[in-house]
Amino acid sequence: MINHQMRLLILGLDGLDYNLVEKWRLSFFKQRYYGKHYIGFLKKLYTPIVWGCFLTGVNVEEHGYSLHQLVEKRGKDAFKSQILRRLYSIRKKVPIGNLRIRKILIKLGLVNPYQGSIMPESLLNKTFLKLLKDLNYKVATVEVPGYNEEVNEYFRSTYGLLLSASLDEKRAYIDKILEETDRRMIKTMDYIDKGYDLVFTYSPLPDIAFHLAVKPTLRIKVWLKNVHEHLQQILRPLIKEAENRNYTILIVSDHGFDLNKYYHSNYGFWSLSIEPPGWWSIETILDFKENIIKMITSE
């Protein structure tokens, strides 16, 4: 018999950094208990790869989802027909140079230029999402990298165009992502109201704002902190509603961001809205899968 008393909301926030949460006193994200988890064993700290590890509990780089394999699969998945996908596979094996055919197909609407990164089926079957669904739990996901994303790649592909832009232009771009995050939280709220057992929603913030910082002057750092504050304003109604409906809330990031090195850090952040059970133990990102399954299924 399924126990429906424990319901879990997972808020995936890309790049939320443990040290900056402490330094900037961002208590909203800390909840009741919080900590950090290690991801430095990965060769490439790329968002869909790291979230793939979170979902599956294995190093996906060693199970058919290295960065090279991810790019190959995403390139093939972008074609909107099976015939074009088969032709793409043949084309990759024939060294005939760059024919610029892809750009033509994009203009014709036959290729998605911002195709999401979705893991191979063998890895999708290893996720705690699939396992819980197989146990007849009601599971909902909103734009989870590596699993069911549709919009995230647009932001990953376009923020680089603004690296040398003015701060006002960067603010406007991040405002668009905040609006998209708000849209996702509204959708997530609907799943909460319907009483799903596990709801997992994701935002590409604050990571993309960090990447746009380039040279983090004092002015830029003030802006980055404001991005975090705007993000929490968007999340606050959802968290309040989830708490009112007796959901446990897990806030988690794939990695942090080192402003001194200007790159992803080797640790991600997590926090829980309740005191963790005695068996709860998180050292690396690979530990979340079993802990989440146990949290949902324990009587």
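Above this text is the structure in question.
Here the residue index of a chain counts from 1 through its sequence in written order. The model is predicted, so local features are restricted to residues of pLDDT at least 70 and side-chain atom pairs to those at 80 or more, both for listing and for counting; the totals for chains, interfaces and linings are taken over all residues. As a rule here, side-chain values come from all non-hydrogen atoms in the structure, and water together with hydrogens is ignored.

**Q** What am I meant to see in the overall build of the protein here?
**A** In this text, helices come from DSSP runs of H or I with a minimum length of four residues, and strands from runs of E with a minimum of two, each type numbered from the N-terminal end. A count of helices and strands for the protein gives 13 helices and 8 strands. For every residue, the accessible area (1.4 Å probe, protein chains only) is compared with the maximum for its type, and the residue is labelled buried under 20%, exposed over 50%, or partly exposed between those bounds. For the protein, buried positions account for 53% of its 299 residues. Accessible surface is estimated by sampling points in the Shrake-Rupley manner with a 1.4 Å probe; for residues, cover comes only from the protein chains shown. For the protein, the exposed surface amounts to about 14,600 Å²; the carbon and sulfur share of it is 51%.

**Q** Would you explain the side chain of Thr141 in this entry?
**A** The topology assignment puts Thr141 in strand 3 (residues 139-142). Using a relative accessible area of 13% as the deciding quantity, one classes Thr141 as buried. At 3.0 Å, the side chain of Thr141 and the side chain of Asn148 are in polar contact. In protein, a polar contact requires one atom able to donate a hydrogen and another able to accept it; more generally it is a pair of N or O atoms within 3.5 Å, and residues adjacent in sequence count only if both atoms are side-chain atoms.

**Q** How should I be thinking about helix 12 (residues 218-244) in this particular structure?
**A** The α-helix advances 3.6 residues per turn, and as a result positions three or four apart in sequence lie on the same side. Multiplying 1.5 Å by the residue count of a helix minus one yields the expected span of that helix. Between the first and last C-alpha of helix 12 there are 39 Å, a value that for 27 residues agrees with the 39 Å anticipated at 1.5 Å per step. Fitting axes to the seven residues that end at a residue and to the seven that start at it, the angle between those axes gives the bend at that residue. Along its length, helix 12 reaches its greatest deviation from straightness, about 35 degrees, at Leu235, and the proline Pro237 lies no more than four positions downstream. Within the span of helix 12, buried status applies to Ile220, Trp223, Leu224, Val227, His228, Leu231, Gln232, Ile234, Leu235, Leu238, Ile239 and Ala242. Two residues form a contact once any of their heavy atoms are found within 4.5 Å. Packing partners of the buried residues in helix 12 comprise strand 1 (7-13), helix 2 (27-30), helix 10 (167-193), strand 4 (198-203), helix 11 (207-213) and strand 5 (247-252). Immediately beyond the C-terminal end of helix 12, within one or two residues, lies Asn246, with a positive phi of roughly 65 degrees.

**Q** Even after reading the chapter, I still don't get the layout of surface pockets, so can you show me in this structure?
**A** Which parts of space are left empty comes out when a probe the size of a water molecule is rolled across the atoms. Looking at the second largest pocket, its volume works out to about 320 Å³. In terms of lining, the second largest pocket is formed by 15 residues, of which the most central are Asp17, Asn19, Phe257, Asp258 and Leu259. Put simply, the parts of the chain that give the lining of the second largest pocket at least two residues each are helix 1 (18-23) and strand 6 (257-258). The leading source of residues in the lining of the second largest pocket is helix 1, at 4 residues. Gly counts as polar in this scheme, as do all residues outside two lists: the nonpolar Ala, Val, Leu, Ile, Met, Phe, Trp, Tyr, Cys and Pro, and the charged Asp, Glu, Lys and Arg. Residues belonging to the lining of the second largest pocket are distributed by class as follows: 6 nonpolar, 4 polar and 5 charged. The rule is simple: put a 1 Å grid over the protein atoms alone, call a set of points where a 1.4 Å probe fits but cannot get out a cavity, call an open set with protein on both sides within 12 Å along at least five of seven lines a pocket, and count a residue as lining if it has an atom within 4 Å of a point. Grid points are joined across faces, edges and corners, and a volume is the space filled by probe spheres set on the points.

**Q** How do you make sense of the nonpolar core when you look at a structure like this?
**A** Across soluble globular proteins, nonpolar side chains have a tendency to be buried as a group. Counting 49 residues, the largest nonpolar core has Phe29 and Ile174 as its most contacted members. Broken down by secondary-structure element, the contributors of at least two residues to this core are strand 1, helix 1, helix 2, strand 3, helix 10, helix 11, helix 12 and strand 5. When residues in this core are grouped by element, the largest group, 10 residues, is from helix 12. If we ignore the near neighbours within four places in the chain, the residues touching Ile174 are Leu205, Ile208, Ala209, Leu212, Trp223 and Val227. In these notes, a set of buried Ala, Val, Leu, Ile, Met, Phe, Trp, Tyr and Cys residues joined through side-chain atoms within 4.5 Å is what counts as a nonpolar core.

**Q** Looking at this structure, I do not really get unusual backbone geometry. What am I missing?
**A** Excluding glycine, residues mostly carry a negative phi; peptide bonds, for their part, are mostly trans. Omega for the bond connecting Leu205 with Pro206 falls within 30 degrees of zero, at 5 degrees, which places this linkage in the cis form. Phi at Gln31 takes a positive value of approximately 55 degrees, unusual for a residue other than glycine. Its location among the elements puts Gln31 in the loop between helix 2 and strand 2 (33-38). On the basis of relative accessible area, Gln31 is assigned to the partly exposed category, the value being 22%.

**Q** What should I look at first to understand the side chain of Asp17 in this one?
**A** Summarising the element assignment, Asp17 is placed in the loop between strand 1 and helix 1. For the purpose of counting charges, residues Lys and Arg are taken to be positive, whereas Asp and Glu are taken to be negative. His and the chain ends are not included. Salt bridge, as used here, is a side-chain nitrogen of Lys or Arg placed within 4 Å of a carboxyl oxygen of Asp or Glu. For the buried Asp17, no salt bridge exists, and the shortest N-O distance to an oppositely charged side chain is 8.7 Å, to Lys36. Only 2.9 Å separates the side chain of Asp17 from the backbone nitrogen of Leu20, close enough to count as a polar contact. Excluding its chain neighbours within four sequence positions, the residues that come into contact with Asp17 are Gly256, Phe257 and Ser265.

**Q** Explanation requested: the pairing of strand 3 in the structure shown.
**A** Side-chain positions along a regular strand alternate between the two faces of the sheet. Neither face of strand 3 is left uncovered, since the one carrying Val139 and Thr141 and the one carrying Ala140 and Val142 both have all their residues buried. Note that strand 3 and strand 4 share 4 bridges and pair parallel. The residue of strand 4 that forms the bridge with Val142 is Thr201. By definition, two strands form a pair when at least two bridges between them are found by DSSP.

**Q** Looking at this structure, I do not really get the sheet that holds strand 5. What am I missing?
**A** In sheet architecture, strand pairing relies on hydrogen bonds along the backbone and comes in two forms, parallel and antiparallel. Here 6 strands make up an open sheet; going across it, the order is 2-8-5-1-4-3 and the pairing mixed. The sheet terminates laterally at strand 2 and strand 3, the two strands that pair on one side only. Pairs of neighbouring strands in the sheet enclose a mean axial angle of 15 degrees, with direction left out of account. Inter-axis angles, ranging from 0 to 180 degrees, are taken between N-to-C directions of lines fitted to C-alpha atoms, where helices are fitted over the stretch in contact. Running over the sheet, helix 10 touches strand 1, strand 3, strand 4 and strand 5 and is turned about 175 degrees from strand 4. Along the sheet face, helix 12 touches strand 1, strand 4 and strand 5 and points at about 170 degrees away from the line of strand 1.

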